[in-house]
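# Structure at a glance
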2 protein chains.
Amino acid sequence: MLTARETIVPTFAGGTLDRADQVRVNPDKLRAAMMNPRAKLLKLDGLNPVFDDVGDLAWGAAYEASPDNDLLLLGIEEDTPFFAELNGAGDAGPLANRALWQTLGNLPAEQAAIYATARSLVDWHARHKFCAQCGKPTQSRKGGWARLCDKENDGCGAEHFPRTDPVAIMLSECEGKVLLGRQPRFPPKSFSALAGFLEPGESIEGCVKRELFEEAGIKVRDVRYVASQPWPFPSSLMIACTSVTDDPTLTLDEEEIEEAAWFSLDEVKGAMNGEPDALFVAPPPFAIARNLLQHWLDGKA
Amino acid sequence: MLTARETIVPTFAGGTLDRADQVRVNPDKLRAAMMNPRAKLLKLDGLNPVFDDVGDLAWGAAYEASPDNDLLLLGIEEDTPFFAELNGAGDAGPLANRALWQTLGNLPAEQAAIYATARSLVDWHARHKFCAQCGKPTQSRKGGWARLCDKENDGCGAEHFPRTDPVAIMLSECEGKVLLGRQPRFPPKSFSALAGFLEPGESIEGCVKRELFEEAGIKVRDVRYVASQPWPFPSSLMIACTSVTDDPTLTLDEEEIEEAAWFSLDEVKGAMNGEPDALFVAPPPFAIARNLLQHWLDGKA
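Cut-offs and rules
- Residues numbered from 1 in each chain as written.
- Chains lettered and ligands numbered in written order.
- Predicted model: local features only at pLDDT ≥ 70, side-chain atom pairs only at ≥ 80, totals over all residues.
- Heavy atoms only, no water.
- Domains from an automatic or database assignment.
- Contact = heavy atoms within 4.5 Å.
- Buried area = accessible area lost by both parts, 1.4 Å probe.
- Polar contact = N/O pair within 3.5 Å; in protein donor to acceptor, adjacent residues only side chain to side chain.
- Helix = DSSP H or I, 4+ residues; strand = E, 2+ residues; numbered from the N terminus.
- Phe/Tyr/Trp six-rings, centres within 6.5 Å; stacked < 30°, edge-to-face > 60°.
- Buried < 20%, exposed > 50% of the residue type's maximum accessible area, 1.4 Å probe, protein only.
- Pairing = 2+ DSSP bridges.
- UniProt positions renumbered as here; feature names shortened; annotations may be inferred.
- Salt bridge = Lys/Arg side-chain N within 4 Å of Asp/Glu carboxyl O.
- Nonpolar A, V, L, I, M, F, W, Y, C, P; charged D, E, K, R; others polar.
- Expected span 1.5 Å × (residues − 1).

### Examining the domain arrangement of chain A
Residues and elements named next belong to chain A. According to the domain assignment, chain A contains domain 1 (4-127), domain 2 (128-161) and domain 3 (165-300). Look at where the C-alpha atoms of domain 1 and domain 2 centre, and you get two points 22 Å apart. Between domain 1 and domain 2, the residue contacts involve 15 residues of the former and eleven residues of the latter. Both sides of the domain 1 and domain 2 interface together cover about 1200 Å² of buried area, and 61% of this is carbon and sulfur. The largest per-residue losses of area from domain 1 upon contact with domain 2 belong to Arg24, Trp124 and His125, which jointly make up 50% of the total buried on that side. Where domain 1 packs against domain 2, one counts six residue pairs in polar contact (both at pLDDT 80 or more). Of all the secondary-structure elements, those providing two or more residues to the side of domain 1 that touches domain 2 are strand S5 (71-77) and helix H5 (109-127). Among the elements that take part in the side of domain 1 that touches domain 2, H5 stands out by supplying six residues, more than any other.

Below, the structure written as structure tokens:
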């Protein structure tokens, strides 16, 4: 029997496409995939998705790609290779995408995951055209899964791989209530789980403890992993955890957190159910913070 | 009461130093910390640690740092700031460090975590001197926790942050036995958990499933998170998981995996105890793979 944890599949986390890594690294196989007349090309408007008549991701043929652009191999399914075009579009920042997130949350899980992969990679190539080690231009390699500072082009030989930046996002519980906060950029009345990037030299558990102390002034214990989610704005890995604290006194980092409070089971239920007199607006369905809050509610049932 | 999971603190994961992020981002506070006569400087030989007479990490005074090198703020404890020098040393690759790992595994947890942080950051600065977006030279900012492509120096204004690359490392269980494998570069008879980097657009659970299918040809379910570990060679975050499979038939990726097999409880116990007739050599104490195997044994007890 599956536990609750295994059934949590946040938006973007449901990818099942075979990523075909053995094709990426084999130039002959990669060329054959690109020349395959069935090969598909994900339609993108810059970094944004394009939808077909029924609201699915729209696809063209790989041979329609601009000859100026490299191709990204997204994966292969039943002998059909799936590509995206490295079109040079870069991310416009975290504030631009709220309407888009809503739309993506309604896509079937597999399509949302394909789009997440394509978006992170197209953006990474656009913002990593030069070698961080020596400053020379780099070129896409391995079907878009690396960039090489090619010695044959007078480069240093360094190979660069796409970033995946882990972020801890977490609840803390005290006396049966749960901690939520809001950043200044959130929509009115919205509260969510606190979050922060993992730093070098830190475990997931260490990051949860540090962030909750920095942002809310609480010391937590019993950190528990719940679920994870790729978040392609631009390249985060959200790692959702719960924790426990014994002292609810909050000291907020007011640069990061505009307001934070402890919410009761009934208050969280009211917000999750969207009741008209709810104390706050719960995180939207595409956010792993909502999965995390639901997991907390389920544990209380 | 703590569960088994909370008590797993792999080498490098036990950091408790206050990283003092509010000082990093405040130029006045940062300068005061650097000028503090008590401020300490971690001694490094390139990227390698230097030990004092009793085998602890050796420290000098911050004012002894070369004026040519930027300083990295490691953290602040009881009004004493701790720094490392961005000395330009870069990582020599994963094969160079085996003897070093052994030594580090014997350090107190707090010291191992401080060294891990310093090593990852010193190396990151050495190999990221140029802007990946425009190719211009960048400068250290925020006490070594960022590099800026400064518009005042004709740069593009991009801010770059240190990498932390998540890696899934995992067991799979089938019919009471556990899957371990060896890479060609491992010492003789050594077996460990399989592992691989998370990719953009992937959850932790998705990465575990993909890697075990790519490397061993098995389809797994019930992925469970166990523990995490920063691994500063150069900047990984090891995420240890268990999983279950119903079909033990292995199909190895022979580029990656030289040999893999299912081991019984008694065979794992013999290896973990270092028995003379053990079938294989278990992962060393500094490796999270050993914590993961111990967790598996504990679950069977």
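### Considerations on the packing of aromatic side chains
Residues and elements named next belong to chain A. Taken as a whole, this structure holds 17 aromatic pairs over all chains when the rule is applied. Pairing Trp59 with Phe82 gives two aromatic rings, centres 5.1 Å apart and planes at 75°, and the pair type is edge-to-face. Pair noted here: Trp59 is in strand S4 (residues 59-61) and Phe82 is in strand S6 (residues 80-85), with a separation of 23 residues, a long-range link. Residue classification places Trp59 among the partly exposed residues on the basis of a relative accessible area of 25%. Among the residues examined, Phe82 registers a relative accessible area of 11% and is labelled buried.

### Things to note about the environment of A:Gln183
Take A:Gln183: it is sitting in the loop between strand S12 (177-182) and strand S13 (194-197). Sequence separation between A:Gln183 and A:Glu256 is 73 residues; the distance between their C-alpha atoms is 6.1 Å.

### A few points about the pairing of strand S14 (residues 220-231) of chain B
Within S14(B), eleven of the twelve residues are buried, leaving the element largely enclosed by the surrounding structure. Remark: four residues form the turn of the hairpin made by S14(B) and strand S15 (residues 236-245) of chain B, two consecutive strands paired antiparallel.

### Re the UniProt feature "domain: Nudix hydrolase" (unreviewed entry) in chain A
When the UniProt feature table is mapped to this numbering, "domain: Nudix hydrolase" (unreviewed entry) covers residues 162-294 of chain A. Here residues 162-294 of chain A is 21% helix and 34% strand, with 32 Å between the C-alpha atoms at its ends.

### Some words on the interface of chain B and chain A
Counting residues at the interface gives 50 residues for chain B and 50 residues for chain A. Contact between chain B and chain A buries roughly 4300 Å² in total, counting both sides, with carbon and sulfur atoms accounting for 48%. It is B:Arg163, B:Pro200 and B:Tyr225 that lose the most area in chain B upon contact with chain A, and together they represent 14% of the buried surface on that side. Our enumeration of links across chain B and chain A arrives at six salt bridges. A:Glu202 is paired through a salt bridge with B:Arg19; the nearest N and O atoms lie 3.9 Å apart. Of all the secondary-structure elements, those providing two or more residues to the side of chain B that touches chain A are helix H1 (4-7), helix H2 (21-24), helix H5 (109-126), helix H6 (204-216), S14 and S15 of chain B. Among the elements that make up the side of chain B that touches chain A, the one with the highest residue count is S14(B) (eight residues). In terms of residue class, the side of chain B that touches chain A is built from 23 nonpolar, ten polar and 17 charged.

### Focus: helix H8 (residues 288-300) of chain A
The α-helix advances 3.6 residues per turn, and as a result positions three or four apart in sequence lie on the same side. Compared with an ideal rise of 1.5 Å per residue, which puts 13 residues at 18 Å, H8(A) spans 19 Å between its outermost C-alpha atoms and is within 8% of the ideal. Looking at H8(A), one finds that the buried residues are A:Ile288, A:Ala289, A:Asn291, A:Leu292, A:Leu293, A:Trp296 and A:Leu297.

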